[in-house]
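Listed below are the residues making up each chain.
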Amino acid sequence: MTILRGPERRRRWSDEQRERILAEAFHSGARVCDVARRHDVARSLIYQWRRAAVRQAEPRFVPAVVVDDAPRPVSEPVVAAVLDLPDGGRLRIFASASPALAAAALKALR
């Protein structure tokens with residue numbers, strides 16, 4: 001059995017040190033290799049820290065919630081589309097129109 005005496009081979013970095021090094025390495029115009037050399041850190045370790053930070057920061061799944069609200073009274077209908085016809089007429093499709101009705105109106109114009 002071998003007992004190692006002296007400084008520990010593996011360095012330990014606090015979260016604050018990692019954040020500071022990451023901010024410096026990915027600052028606009030900075031080069032990761034220069035920052036790694038300055039702090040005596042392997043470039044691959046800086047990229048590994050960045051991947052871990054991104055994984056913690058971004059949510060993996062956000063559930064969607066559909067709420068079935070009662071229709072609100074609308075004083076004026078909202079126009080979703082206006083088509084100018086060649087004969088000078090106009091076709092207005094309101095937001096409250098069903099998709100089937102809007103599709104039928106557009107097919108009739110063919």
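The preceding data block contains the structure.
Residues numbered from 1 in each chain as written. Predicted model: local features only at pLDDT ≥ 70, side-chain atom pairs only at ≥ 80, totals over all residues. Heavy atoms only, no water.

1. Observations regarding the environment of Arg90
Here is step 1 of the chain: Residue placement: Arg90 occurs in strand E2 (residues 90-94).
Here is step 2 of the chain: Owing to a relative accessible area of 53%, Arg90 belongs among the exposed residues under this scheme. (Helix = DSSP H or I, 4+ residues; strand = E, 2+ residues; numbered from the N terminus. Buried < 20%, exposed > 50% of the residue type's maximum accessible area, 1.4 Å probe, protein only.)

2. As for a nonpolar patch on the surface
Here is step 1 of the chain: Where nonpolar side chains cluster on the molecular surface, the patch consists of Val79, Val82 and Phe94 and spans about 210 Å² of accessible area.
Here is step 2 of the chain: Among the secondary structure elements, Val79 is positioned in strand E1 (residues 79-84). (Patch = residues over 30% accessible without salt bridge, like charges linked within 9 Å, V, L, I, M, F, W, Y side chains within 5 Å. Areas by Shrake-Rupley, 256 points an atom, 1.4 Å probe, with all protein chains shown as cover. Salt bridge = Lys/Arg side-chain N within 4 Å of Asp/Glu carboxyl O.)

3. Overview of the pattern of salt bridges
Here is step 1 of the chain: For the structure shown, the criterion picks out five salt bridges.
Here is step 2 of the chain: The residue Arg38 makes a salt bridge to Glu24 at a minimum N-O spacing of 2.8 Å. Within this pair, whereas Arg38 is found in helix H2 (residues 32-39), its partner Glu24 is found in helix H1 (residues 15-25), the two being separated by 14 residues in sequence.
Here is step 3 of the chain: Since its relative accessible area comes to 25%, Glu24 is described here as partly exposed.
Here is step 4 of the chain: Here Arg90 makes a salt bridge to Asp84, at a shortest N to O gap of 2.8 Å.
Here is step 5 of the chain: Residue classification places Asp84 among the exposed positions, given a relative accessible area of 58%.

Everything listed here is a matter of coordinates, which is why it stays silent on function.
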